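One-letter residues, chain by chain:
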Amino acid sequence: RRVHGGKEAGEPRRKELMYEAQEIIQRALTQPGGTDNSYVHKWNAIIVNHIGEYEGTKWQLQNAVRAREHLDKAVALNPKDSTSLYSIGYWCFLFADMGWTTRKLASVVFASPPTSTYEEALESFTKAEENDPGFYSHCPLMIGTCYARLNKKAEAKQWLEKARDWDGDSIDDKEAKKKAVAELKKI
């Protein structure tokens, strides 16, 4: 949590924590029982995603399949883990929402780039929210954003308003509220 929520620590320290976390997670995978631990798989995928913020789009694409495999293992080991389900939803959303330029880069990195749909993203986000209602401010934001992309305006508005009105003050909460307001203006 310290690393994931490390936005409060400031960018240079956050970056340092991400790379440190990656080393720890890689060691955990080699320990007895490490590959049977849903948390190790979940945090491996989350840390890979965050390191991609520093390494760039090509690196993110090259590691996207690996991250997804770890998320799938995490959910197989713990199907009620809302964070893993949310993360799968976010993975699906990113590939469904990929722009033309990124899609072209992906076709260079992969013979056949991964694909997904807003429906798949929505299913994972919804499962996460059903398992643990209100666990993360970005979940209603992403549910609403998926509905907006699917042109289901009434559902989108309901979920985006929930994100906008979220009772929380963390950097993540403030970011979710800001994005929800921007999405609401589009519908």
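Rules used throughout
- Residues numbered from 1 in each chain as written.
- Predicted model: local features only at pLDDT ≥ 70, side-chain atom pairs only at ≥ 80, totals over all residues.
- Heavy atoms only, no water.
- Helix = DSSP H or I, 4+ residues; strand = E, 2+ residues; numbered from the N terminus.
- Rg over C-alpha atoms; globule rule 2.2 N^0.38 Å.
- Buried < 20%, exposed > 50% of the residue type's maximum accessible area, 1.4 Å probe, protein only.
- Contact = heavy atoms within 4.5 Å.
- Core = buried A, V, L, I, M, F, W, Y, C linked by side-chain atoms within 4.5 Å.
- Salt bridge = Lys/Arg side-chain N within 4 Å of Asp/Glu carboxyl O.

A look at the overall build of the protein
Here is step 1 of the chain: A count of helices and strands for the protein gives nine helices and zero strands.
Here is step 2 of the chain: Scanning the protein from its N terminus toward the C terminus, one meets helices and strands in the order α-α-α-α-α-α-α-α-α.
Here is step 3 of the chain: For 187 residues, the compact-globule formula gives about 16 Å, and the C-alpha radius of gyration of the protein, at 17 Å, lands near that figure.
Here is step 4 of the chain: With the C-alpha coordinates aligned to their principal axes, the bounding extent of the protein is approximately 50 × 40 × 35 Å.
Here is step 5 of the chain: Evaluated residue by residue, the protein yields a buried proportion of 44% over its 187 residues.
Here is step 6 of the chain: Intrachain contacts of the protein at a sequence separation of at least 6 include 60% that bridge at least 24 residues.

Description of the nonpolar core
A general trend in soluble globular proteins is that nonpolar side chains are found buried together.
Here is step 1 of the chain: Of all hydrophobic cores here, the largest spans 43 residues; its most connected members are Tyr-86, Phe-93, Phe-125, Leu-141 and Ile-143.
Here is step 2 of the chain: If you list the elements that add at least two residues to this core, you get helix H1 (11–30), helix H2 (38–55), helix H3 (57–77), helix H4 (82–96), helix H6 (118–131), helix H7 (138–149), helix H8 (153–164) and helix H9 (171–186).
Here is step 3 of the chain: Here the element with the most residues in this core is H4; it accounts for eight residues.
Here is step 4 of the chain: Residue contacts for Phe-93: discarding those within four places in its chain leaves Tyr-118, Ala-121, Phe-125, Met-142, Thr-145, Cys-146 and Arg-149.

A closer look at the pattern of salt bridges
Here is step 1 of the chain: Taken as a whole, this structure holds eleven salt bridges when the rule is applied.
Here is step 2 of the chain: For Lys-179, the salt bridge goes to Glu-175, with nearest N and O atoms at 3.7 Å. Residue Lys-179 and its partner Glu-175 are located together in helix H9, separated by four residues, close to a single helical turn.
Here is step 3 of the chain: The exposure class of Lys-179 is partly exposed, given its relative accessible area of 40%.

What about the side chain of Asn-44?
Here is step 1 of the chain: With respect to the element layout, Asn-44 can be found in helix H2.
Here is step 2 of the chain: Leave out the neighbours within four places in its chain, and Asn-44 touches Ile-25, Gln-26, Leu-29, Arg-66 and His-70.

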